[in-house]
Amino acid sequence: MKQLWLFNQINSDLQRVEKELHAYIETDFPVLDQSAVQLLEAGGKRLRPAFTLLAGKFYGYPIDKLLPVAMALELIHMATLVHDDVVDASTTRRGRPTVKAKWGNIVSIATGDYLLAKALELLAQINHPDVSRILAEVSVEMSQGEIQQIKASNDINQNLKQYYYRIKRKTAMLISASCKLGAIVSSAPRREVWALGAYGHALGMAFQVVDDVLDVTAEASELGKPVGGDIRQGIMTLPLILALSRSKEKDQLREILTKTEKTDGEVAEAIRMIKESGAIGESMHYVDLYINKANTHLQELPNVPTRKALVELASFIKARKF
């Protein structure tokens, strides 16, 4: 797991989340145990547990209540990743072989189902109606977002409204829930629960747009997977949508993006056209708008060091290279 300096005030508890997750997903079935551990050890930034813990920092930090929520959120996120790798036929994630690559689709789906079931088990222990309701709603929306993305594959006629609705479901809602639930179990005032949820939503939107930009601009070694994956899979991201209306070579770009199967050369050519269209800079402008909106919501929260950490985390989301 990559620890961020921005998480200094919660690092010890993030490490506790990591340790508890390893213990919690242990099972007597060797393949299931190995596949779940493989996914967990692929790491990531553990943003969702971190947001939960940071939200709790504003309101007395009841770690025993925050810990199971943070774990449940990460398990749900991990389950979506392993299912995504099946849908996307991904062989690497964060520089490591995916569960799909090592064990195939059947084990991947079983692993995702197992992690979701373990998250449900945690929710039963939390025994808070708002936590269960919010996570159930978010899980339904995320599933619908995935179906929406599959249905729209290679459809170059998608507009910005459709894109934003899709990434809200795919990414922003779970990050928003992470912030909101950390506040709820810490007994935050209702208005501040809303403000933290709104911060998380705006930051989640920014996070996904940056992800989509990195898929075109990053180095594969930093990204942990091949670049151009969205182009190969026919996923219409913001840089692609903008480039289709702005590129001087839009007809050639359109021709590549509508193909079900694309060669490496075609993907590289599409990346070149997207970069030359100015779509990357314009996409990052939208990131700025979302980050500014996120920071505005933070002004409703107590002026404590954690608020500054959340502002800095928003800046990191924009500047990250992985």
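Refer to the structure printed above.
Reading the values: the criteria
- Residues numbered from 1 in each chain as written.
- Predicted model: local features only at pLDDT ≥ 70, side-chain atom pairs only at ≥ 80, totals over all residues.
- Heavy atoms only, no water.
- Helix = DSSP H or I, 4+ residues; strand = E, 2+ residues; numbered from the N terminus.
- Buried < 20%, exposed > 50% of the residue type's maximum accessible area, 1.4 Å probe, protein only.
- Phe/Tyr/Trp six-rings, centres within 6.5 Å; stacked < 30°, edge-to-face > 60°.
- Salt bridge = Lys/Arg side-chain N within 4 Å of Asp/Glu carboxyl O.
- Axes fitted to C-alpha atoms, helices over the stretch in contact; angles between N-to-C directions.
- Parallel < 35°, antiparallel > 145°, perpendicular 65-115°, else oblique.
- Contact = heavy atoms within 4.5 Å.
- Nonpolar A, V, L, I, M, F, W, Y, C, P; charged D, E, K, R; others polar.
- Patch = residues over 30% accessible without salt bridge, like charges linked within 9 Å, V, L, I, M, F, W, Y side chains within 5 Å.
- Areas by Shrake-Rupley, 256 points an atom, 1.4 Å probe, with all protein chains shown as cover.
- 1 Å grid on protein atoms, 1.4 Å probe; cavity = no way out; pocket = protein on both sides within 12 Å on 5 of 7 lines; lining within 4 Å.
- Points joined across faces, edges and corners; volume = space filled by probe spheres on them.

**Q** Can you walk me through the side chain of Gln 38 in this structure?
**A** Along the chain, Gln 38 falls in helix α2 (residues 30-41). Assessed through its relative accessible area of 11%, Gln 38 is described here as buried.

**Q** Could you clarify how one ought to interpret the packing of aromatic side chains in this entry?
**A** According to the stated counting rule, one finds five aromatic pairs in the structure shown. On the numbers, 6.3 Å between centres and 75° between planes, the contact of Phe 51 with Tyr 199 is edge-to-face. Of this pair, Phe 51 sits in helix α3 (residues 47-57) while Tyr 199 sits in helix α9 (residues 190-217); the two residues are 148 residues apart in sequence, bridging distant segments of the chain. We note that Phe 51, like Tyr 199, is buried. Within the aromatic cluster, the residues linked to one another by ring pairs are Tyr 163, Tyr 164, Tyr 286 and Tyr 290.

**Q** What should I look at first to understand the environment of Gln 125 in this one?
**A** Mapped onto the elements of the fold, Gln 125 is located in helix α6 (residues 105-126). Residues Gln 125 and Pro 68 lie 57 residues apart in sequence; the distance between their C-alpha atoms is 8.1 Å.

**Q** Sorry, what's going on with unusual backbone geometry here?
**A** Comment: phi is negative for the bulk of residues other than glycine, and the bulk of peptide bonds are trans. Here Tyr 61, not a glycine, exhibits a phi torsion of approximately 55°, which is positive. Relative to the helices and strands, Tyr 61 resides in the loop between α3 and α4 (63-88). For Tyr 61, a relative accessible area of 16% corresponds to the buried category. At Asn 127, a position not held by glycine, the phi torsion is positive, near 55°. Mapped onto the elements, Asn 127 comes out in the loop between α6 and α7 (129-151). For Asn 127, a relative accessible area of 65% corresponds to the exposed category.

**Q** Could you clarify how one ought to interpret the pattern of salt bridges in this entry?
**A** Think of it this way: side chains of opposite charge can pair up when their charged atoms draw near. Considering all chains together, one arrives at 16 salt bridges under this definition. The residue Arg 246 makes a salt bridge to Glu 282 at a minimum N-O spacing of 2.5 Å. Pair noted here: Arg 246 is in helix α12 (residues 238-246) and Glu 282 is in helix α15 (residues 279-298), with a separation of 36 residues, a long-range link. Across the pair Arg 272 and Glu 276 runs a salt bridge whose closest N-O atoms are separated by 2.8 Å. One end of the pair is Arg 272 and the other is Glu 276, both in helix α14 (residues 264-276) and four residues apart, which spans about a single turn. According to the relative accessible area criterion, Arg 272 is partly exposed, its value standing at 26%. Take Glu 276: its relative accessible area is 55%, and that puts it in the exposed class.

**Q** What exactly am I supposed to notice about the packing of helix α8 (residues 160-184) against α12 here?
**A** Pairs of packed helices are described in terms of their axes, by the angle between the two and the distance that separates them. The geometry of α8 relative to α12 is characterised by a closest axis approach of 10 Å and an angle of 175° between their N-to-C directions. By the criterion of interaxial angle, the relationship of α8 to α12 is roughly antiparallel. Only Leu 238, Ile 241 and Leu 242 of α12 make contact with α8, whose side of the interface consists of Leu 160, Tyr 163 and Tyr 164. Considering only residue class, the contact of α8 with α12 consists of six nonpolar, no polar and no charged.

**Q** Explain a nonpolar patch on the surface here, please?
**A** On the surface, Val 87, Ile 147 and Ile 150 cluster together to form a nonpolar patch covering roughly 270 Å² of accessible area. Here Ile 147 lies in helix α7.

**Q** Sorry, what's going on with the layout of surface pockets here?
**A** Space left empty within the atom packing is revealed by a probe, the size of a water molecule, rolled over the atoms. The volume enclosed by the second largest pocket comes to roughly 330 Å³. What lines the second largest pocket is a set of 17 residues, among which Ile 134, Met 173, Ser 176, Lys 180 and Gly 197 lie closest to the centre. Contributions of two or more residues to the lining of the second largest pocket are made by α7, α8, α9 and α15.

**Q** Would you take a moment to explain empty space enclosed by the protein for this structure?
**A** According to the stated counting rule, one finds two cavities of 30 Å³ or more in the structure shown. Looking at the largest cavity, its volume works out to about 40 Å³. In this structure, the largest cavity is lined by Gln 38, Leu 39, Ala 42, Asp 85, Arg 93, Pro 97, Thr 98 and Val 99.

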